[in-house]
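# A structural walkthrough
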Amino acid sequence: MKFISANLDNLRKLYIDQLQHLHSAETQIIKALPKMVEKSTDPQLKQALDTHLQETRGHVTRLEQILRQCTGQVDSKKNKGIAALITEGEDIITDANDEAVRDAGIIAAAQKVEHYEMAAYGTVRTFAEILGETQQADLLEKTLDEEKNADSTLTQISDSANTRADKAA
Ligand SMILES: [Fe+2]
Ligand SMILES: [Fe+2]
């Protein structure tokens, strides 16, 4: 049960609320990615996840910059959607007992996270534009582009990874 209302009665409050949830999402992803890198076998997959881990640190920096501009401080609101997607990924890593199948599963889990982020950043970018926060919209668009790139890199890697998984005993 929720006892404290966030009192979202205008678009600016909703915008800030969504940024705070994204801050929580990105910090959860930073914690989860090293294990996914470690448990990946395909060198291309390892590299792609590691590169995106570095980019994700930049996503947090951008969100903190925007939140400071908006509210004077950085508050995080627990992102339950990302928490569930990360748990899904951890379950796959635990349950997959073939390396190639695990790689395919890690890609599947990572792409779900990227798609969540693409939806969320597309929304806050548009909110920023409507609110006249052009510079914030540009920063959020940069992150959105990196999420899209990460997703398309994973799609490319999945071509060979899924084929290898299909040949698993
Ligand atoms: Fe991100
Ligand atoms: Fe991402």
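Residues numbered from 1 in each chain as written. Chains lettered and ligands numbered in written order. Predicted model: local features only at pLDDT ≥ 70, side-chain atom pairs only at ≥ 80, totals over all residues. Heavy atoms only, no water.

Before going further, it helps to spend a moment on the overall build of the protein. From N to C terminus, the protein includes five helices and zero strands. Starting at the N terminus and ending at the C terminus, the protein contains elements arranged as α-α-α-α-α. In terms of C-alpha radius of gyration, the protein reaches 17 Å, essentially the compact-globule figure of 15 Å for 169 residues. Overall, the protein is about 55 × 35 × 20 Å in size when its C-alpha atoms are taken along their principal axes. Expressed as a percentage of its 169 residues, the buried residues of the protein come to 44%. Within the protein, residue pairs in contact and separated by at least 24 positions form 79% of the contacts whose partners lie at least 6 positions apart. (Helix = DSSP H or I, 4+ residues; strand = E, 2+ residues; numbered from the N terminus. Rg over C-alpha atoms; globule rule 2.2 N^0.38 Å. Buried < 20%, exposed > 50% of the residue type's maximum accessible area, 1.4 Å probe, protein only. Contact = heavy atoms within 4.5 Å.)

The coordination sphere of the iron ion (ligand 2), as far as protein atoms go, consists of His-52 (NE2), Glu-114 (OE), Glu-114 (OE), Glu-117 (OE) and Glu-147 (OE), spread over 2.0 to 2.8 Å. All donor residues of the iron ion (ligand 2) come from one chain, and their arrangement in sequence is H-x61-E-x2-E-x29-E. The metal-metal distance between the iron ion (ligand 2) and the iron ion (ligand 1) is 3.4 Å, with Glu-117 coordinating both. With Glu-117 in helix 4 (residues 99–130) and Glu-147 in helix 5 (residues 134–166), the pair connects residues that are 30 residues apart, well separated along the chain. The same class applies to Glu-117 as to Glu-147, namely buried. (Donors = N, O, S within 2.8 Å, 3.2 Å for Na, K, Ca; no water.)

Moving on, we get to the coordination of the iron ion (ligand 1). Every protein donor of the iron ion (ligand 1) is accounted for by Glu-26 (OE), Glu-26 (OE), His-59 (ND1), Glu-117 (OE) and Glu-147 (OE), and the metal-donor separations fall at 2.1 to 2.5 Å. When the donor residues of the iron ion (ligand 1) are listed from N- to C-terminus, their spacing reads E-x32-H-x57-E-x29-E.

Take the nonpolar core next. Looking at soluble globular proteins, one finds that nonpolar side chains tend to be buried together. Ranked by size, the top nonpolar core spans 21 residues in total, and within it Met-36, Leu-45, Leu-49 and Ile-82 carry the most contacts. At the level of secondary structure, the elements contributing two or more residues to this core comprise helix 1 (11–39), helix 2 (43–71), helix 3 (80–95), helix 4 and helix 5. No other element matches helix 1, which puts six residues into this core. Those residues in contact with Leu-49 that lie beyond four places of it in its chain are Leu-33, Met-36, Val-37, Ser-40, Ile-106, Ala-110 and Leu-154. (Core = buried A, V, L, I, M, F, W, Y, C linked by side-chain atoms within 4.5 Å.)

For the rest of this paragraph, the subject is the pattern of salt bridges. Counted under the stated rule, the structure contains eight salt bridges. The salt bridge partner of Asp-17 is Lys-77, with a shortest N-O separation of 2.8 Å. Of the two residues, Asp-17 sits in helix 1 while Lys-77 sits in the loop between helix 2 and helix 3, which places them 60 residues apart along the sequence. Here Asp-42 and Arg-164 are joined by a salt bridge, their closest N and O atoms 2.8 Å apart. Of this pair, Asp-42 sits in the loop between helix 1 and helix 2 while Arg-164 sits in helix 5, placing them 122 residues apart in sequence. By relative accessible area, which is 8% here, Asp-42 ends up buried. Assessed through its relative accessible area of 39%, Arg-164 is described here as partly exposed. (Salt bridge = Lys/Arg side-chain N within 4 Å of Asp/Glu carboxyl O.)

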